[in-house]
Amino acid sequence: MNAHRLAVGLSLALALVSAGACARENGQCAPQVRAGWVRLVPGGMPMHAGFGRIENACAAPATIVSASSPSYGSVMLHESRLVNGMSQMRMLRELRIAPDDAAVLKPGGLHLMLMEPTSALKPGSHVAIEFTLKDGRHVLGDFEVKSAAAP
């Protein structure tokens, strides 16, 4: 009896794994935002920076074409790079994430520029940021607000 239950359990587990793989192939898979956080700027400046990790565990690439948030008037993807010894920042029109890869948003590299906060934010609060994919789907991320001193 126990061997029968084990066989049924294994069959069910394999069916669920197969269903997950099919969902990926049928366009159901989407990137996921992990460890999102917003750094407040000292002095009450009307801009903040957003960081985190956007993981694409899907079989196809994902391309982010825009971002928005009810907490900000404007959300843009930016990249900072050293060019001839000087740090330069540029806006990205789109961010492509390869299959089974991730985009890491961190200080001094890829990041979100969050302009014109719609209300005062305090460390420990959370901000929702929605990313629009090139295929029209949307991915929602949760970002924790941290003080300017956060690493």
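Located above this text is the structure these notes cover.
First, a word on what this report is: a plain description of the structure on this page.

About the thresholds
- Residues numbered from 1 in each chain as written.
- Predicted model: local features only at pLDDT ≥ 70, side-chain atom pairs only at ≥ 80, totals over all residues.
- Heavy atoms only, no water.
- Helix = DSSP H or I, 4+ residues; strand = E, 2+ residues; numbered from the N terminus.
- Buried < 20%, exposed > 50% of the residue type's maximum accessible area, 1.4 Å probe, protein only.
- Contact = heavy atoms within 4.5 Å.
- Disulfide = S-S within 2.5 Å.
- Pairing = 2+ DSSP bridges.

**Notes on the side chain of His-111**
Then step 1. Turning to its location among the elements, His-111 is positioned in strand 8 (residues 110-117).
Then step 2. With relative accessibility at 6%, the residue His-111 sits in the buried group.
Then step 3. In this structure His-111 touches Gly-50, Phe-51, Met-76, Leu-77, His-78, Glu-79, Ser-80, Met-89, Leu-105 and Lys-106, once residues within four positions along its chain are discounted.

**Some thoughts on the state of the cysteines**
Then step 1. Going through the model one piece at a time under the given rule, you end up with 1 disulfide.
Then step 2. Across the disulfide, Cys-29 is cross-linked to Cys-58 (sulfur-sulfur distance 2.0 Å). Judged by the torsion about the S-S bond (-90°), the Cys-29/Cys-58 disulfide is left-handed. Here Cys-29, found in the loop between helix 1 (2-28) and strand 1 (32-39), pairs with Cys-58, found in the loop between strand 2 (47-56) and strand 3 (62-68); they are 29 residues apart in sequence, far enough to count as distant.

**Describing the pairing of strand 1**
Then step 1. Of the strand pairs in this sheet, strand 1 and strand 2 are connected by 6 bridges, and their pairing is antiparallel. Note on strand 2: the bridge partner recorded for Gln-32 is Glu-55.
Then step 2. Alignment of strand 1 against strand 10 (residues 138-146), held across 4 bridges, turns out to be parallel. Residue Arg-39 lies in a different strand from strand 10, and its bridge partner there is Lys-146.

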